[in-house]
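Here are the chains, one letter per residue:
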Amino acid sequence: MKISKKLTPFLFIVAMIMIFASCSSPAATPTPTPTPKPTPTATATPTPTPTSSPTPTPTPAPTTTVAPSPTQTPTPTPQFNVKTANKTGIGDFLVDGKGMTLYYFTRDTIGKSTATAPILTSWPIFYAEKVVVPAGLKAEDFTTITRDDGMKQTAYKGWALYHFAGDAAAGDILGEGLGSVWYLMKIPFYNAMIETKSGVGNYLIDPAGKSLYYFTRDMIGRSNAAAAVLVNWPIFYAEKPIVPSGLKAEDFATITRDDGIKQTTYKGWPLYYYAKDAAAGDTLGEGVGGIWFLMKAPFYNVMLETKADVGNYLIDPRGMTLYYFARDTIGKSNAGSAVIANWPVYYAGNVPANPSGNMTAPSILKTNDFTTITRDDGTKQTAYRGWPLYYYINDMNPGDTLGEGGGGIWFVLKQPFYAVMLETNSTLGNYLADSKGMTLYYSTLDSNSNSTATLETLRNWPIFMADNLTAVSAVQSSDFATMTRTDGQKQITYKGYPLYYYAGDKAPGDMLGQGVGRNWYVIDPGKLTTAPATPIPSSGSGGY
């Protein structure tokens, strides 16, 4: 075909436009040619954008190392070597790191272990060089003591700690209360404890080891110690008792004294310290004035009470007065059932405080002075120095002594014990006897405070002498005196009459000297008048 020259420029322009269009945009209508396979660089590495493409991990600087910092490391569980365990009915108590129970020994004192080598066989000591404890315990409460054998031992609040060999597994408490001298170490710590001392036995102390006392002028539930007394005998007060198993928390109570001060009592008896007890374990207040005594544990089953008009006398632990019967003799109760209705017998085994019947008494009393007799009706009865003991049914309150002198034959049991007692015989009536029930006599040949008995006479009529002149209330103590005989011997007189025994009397209650030689007679205090100034002539053949 032949193209016109006029169209040539036009066609050139159209061709150029089509070329430029194909270079700048796709064709408006897709071509049927298959889409070419993308190259690997097009699909594996898309064009990165700031929000969608990961950035290469930079090399960490030393300060941003991936190793965890110390604060990020989990804290390991501390290895406690002392902690607490708990048992129902007991509460919390100390154990070692393995859960084995720790104990204290009542024969120790603060800062000192007294357990000997043979004891340690059953009660090994506990020692940790550095004590590590959980919250609730204070490491500073644990110290190290050095025993006399050079061994080191850990102490809690000053009290040496032990294991019990009989405890086989963690949490065992088989040593609790053994021998009444081994006890768990409780948490919270005890505020009243038990101490044991040779010659004294078990008694109450505070947690610092200071001894606790009772006052015989107090009564159950009442403190009679005046402010001046408290200077030397400060009161003990613990708001809530925490005690070893050898004691019962319910036996402790709080009273408010007349001056408004609160005071702790044990079984009703107010508790005191003694100011002169300077160190743990001191018992310098025991027996002071015959009216201050340690508070024993187990509790006393016989005690002393003091009243201005009576003096010191025996009571049971409830404060109820104890009496003797002038118709009894040493070792024998003669009170029939009708008498017992008003004068019930006292038997230590019936005292709840110490039902074993083993006597526990203040140190001024000797426990071996108490014995048990069996009455004719089979009833057991406690006797003091051989004299059977009774209550009086009309004594309703602690401290009552309404039976004193009853019928001229019932008397409280005094301390110091009577030097002169009253006995009653169905034939002769009342007569004086010594503390063992041995009959006392006077001679009509003696004059006022003058003995005519020669040394030869004294072989059959030994003189009566006593260090104290305590007598029953049926006689006046002022009627007794001490004289010195011409041979230098001292002798007791009653209303001026020198007093004697009779060698022929072998047993309490014997009165074989009555009327001998018509010069020797028993003494009825209601009938004997003041001794004459001169001897009464004998109407017999001598009588010596």
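Residues numbered from 1 in each chain as written. Predicted model: local features only at pLDDT ≥ 70, side-chain atom pairs only at ≥ 80, totals over all residues. Heavy atoms only, no water.

S.K.: What is the right way to read the overall build of the protein from this model?
M.R.: Along the protein, the regular secondary structure elements total five helices and 29 strands. Relative to its full complement of 544 residues, the protein shows a buried share of 44%. Once local pairs closer than 6 in sequence are excluded, the contacts in the protein between residues at least 24 apart make up 67%. Accessible area of the protein: about 28,100 Å², with a carbon and sulfur share of 57%. (Helix = DSSP H or I, 4+ residues; strand = E, 2+ residues; numbered from the N terminus. Buried < 20%, exposed > 50% of the residue type's maximum accessible area, 1.4 Å probe, protein only. Contact = heavy atoms within 4.5 Å. Areas by Shrake-Rupley, 256 points an atom, 1.4 Å probe, with all protein chains shown as cover.)

S.K.: Sorry, what's going on with the sheet that holds strand 8 (residues 186–187) here?
M.R.: Backbone-to-backbone hydrogen bonds join strands into a sheet, with any given pair of strands oriented parallel or antiparallel. The strand order across the open sheet built from three strands is 1-2-8, with neighbouring strands paired in antiparallel fashion. Here the strands that pair on one side only, and so sit at the sheet edges, are strand 1 (82–87) and strand 8. Sheet analysis places strand 1 next to strand 2 (residues 91–96), joined by six bridges and oriented antiparallel. If you follow Thr84 over to strand 2, its bridge partner there is Leu94. (Pairing = 2+ DSSP bridges.)

S.K.: Would you explain the sheet that holds strand 20 (residues 380–384) in this entry?
M.R.: Spatial strand order, 19-20-21: three strands in an open sheet with antiparallel pairing. This sheet does not close on itself; its edge strands, each paired only once, are strand 19 (370–374) and strand 21 (387–388). As paired elements, strand 19 and strand 20 share five bridges and run antiparallel to each other. The partner of Phe370 across the bridge, within strand 20, is Tyr384.

S.K.: Sorry, what's going on with the side chain of Asp505 here?
M.R.: Topologically, Asp505 is positioned in the loop between strand 28 (497–498) and strand 29 (520–522). In this structure Asp505 is buried but unpaired, with Lys506 as the nearest side chain of opposite charge at 8.8 Å. At 2.8 Å, the side chain of Asp505 and the backbone nitrogen of Leu512 are in polar contact. Residues in contact with Asp505, not counting those within four places in the same chain, are Met438, Thr439, Tyr441, Asp510, Met511, Leu512 and Gly513. (Lys, Arg positive; Asp, Glu negative; His and termini not counted. Salt bridge = Lys/Arg side-chain N within 4 Å of Asp/Glu carboxyl O. Polar contact = N/O pair within 3.5 Å; in protein donor to acceptor, adjacent residues only side chain to side chain.)

S.K.: Please explain the environment of Phe417 as it appears in this structure.
M.R.: Along the polypeptide, Phe417 turns up in the loop between strand 22 (410–412) and strand 23 (420–425). Distance from Phe417 to Asn468, taken between C-alpha atoms, is 8.9 Å for residues 51 residues apart in sequence.

S.K.: How should I be thinking about the pairing of strand 27 (residues 490–494) in this particular structure?
M.R.: Within a regular strand, the side chains alternate between the two sheet faces. Summarising burial for strand 27: four of the five residues are buried, a large majority. In this sheet, strand 27 lies alongside strand 26 (residues 480–484) in antiparallel orientation, the contact comprising five bridges. What sits directly across from Phe480, in strand 27, is Tyr494. Hairpin connection from strand 26 to strand 27: five residues lie between these consecutive antiparallel strands, with Gly488 at a positive phi of about 90°. The pairing of strand 27 with strand 28 spans two bridges and is classified as antiparallel. For Tyr494, the partnering residue across the bridge sits in strand 28 and is Tyr497. Between strand 27 and strand 28, which pair antiparallel and follow one another directly, the connecting turn spans two residues, one of which, Lys495, has a positive phi of 50°.

S.K.: I tried to follow the pairing of strand 9 (residues 193–197) on my own but got confused; where do I start?
M.R.: With four of its five residues buried, strand 9 lies for the most part within the structure. Pairing of strand 9 with strand 10 (residues 201–205), which is carried by five bridges, proceeds in the antiparallel orientation. From the neighbouring strand, Met193 faces strand 10, where its bridge partner is Ile205. If you look at the hairpin formed by strand 9 and strand 10, you'll find three residues sitting between the two strands, and Gly199 has a positive phi there, around 85°.

S.K.: Honestly, the packing of aromatic side chains in this entry has me stumped. Any pointers?
M.R.: How two aromatic rings sit relative to each other is set out by the distance from centre to centre and by the angle between their planes. Scanning the model with the defined rule gives 49 aromatic pairs in all. Their ring planes at 80° and their centres at 6.4 Å tell us that Phe215 and Tyr272 sit as a pair that is edge-to-face. In this pair, Phe215 sits in strand 11 (residues 213–215) while Tyr272 sits in the loop between strand 14 (269–270) and strand 15 (292–294), placing the two residues 57 residues apart along the sequence. Taking relative accessible area as the criterion, Tyr272 reaches 0% and is therefore assigned buried. Here the aromatic rings of Trp343 and Trp410 are separated by 3.9 Å at their centres, their planes lie at 0°, and the arrangement is stacked. Taken together, the residues Trp343 in the loop between helix 5 (337–340) and strand 19 and Trp410 in strand 22 connect sequence positions 67 residues apart. Here Trp343 falls in the buried class, since its relative accessible area comes to 8%. Owing to a relative accessible area of 5%, Trp410 belongs among the buried residues under this scheme. (Phe/Tyr/Trp six-rings, centres within 6.5 Å; stacked < 30°, edge-to-face > 60°.)

S.K.: Would you take a moment to explain the pattern of salt bridges for this structure?
M.R.: Should their charged atoms come close, side chains of opposite charge can pair. Within the structure shown, the criterion is met by 12 salt bridges. Between Asp258 and Arg222 there is a salt bridge; the shortest N-O distance is 2.8 Å. One end of the pair, Asp258, is in the loop between strand 12 (252–256) and strand 13 (262–266); the other, Arg222, is in the loop between strand 11 and helix 4 (227–230), and 36 residues separate them in sequence.

S.K.: Can you walk me through unusual backbone geometry in this structure?
M.R.: Among all residues save glycine, negative phi is the norm, and among peptide bonds the norm is trans. Cis geometry marks the peptide bond from Ile187 to Pro188; its omega dihedral reads 0°. Along the chain, Pro188 turns up in the loop between strand 8 and strand 9. For Lys157, which is not glycine, the phi torsion reads 50° and is therefore positive. With respect to the helices and strands, the residue Lys157 is situated in the loop between strand 5 (152–156) and strand 6 (159–160). Judged by its relative accessible area of 34%, Lys157 falls in the partly exposed class. Positive phi is not limited to glycine here, since Ser180 has a value of about 60°. Mapped onto the elements of the fold, Ser180 is located in the loop between strand 6 and strand 7 (182–184).

S.K.: Is there a simple way to explain the confidence of the model for the protein in this structure?
M.R.: Any region with low pLDDT has predicted coordinates that should not be read closely. Taken residue by residue, the protein gives an average pLDDT of 86. The fraction at 70 or more is 82%. The model gives residues 1–9 a pLDDT under 50, and that stretch makes two contacts with residues more than four places away or in other chains. A low-confidence stretch, residues 533–544 stays under pLDDT 50, and its non-local contacts, those more than four residues away or across chains, total 34 contacts. (pLDDT = per-residue confidence, 0-100.)

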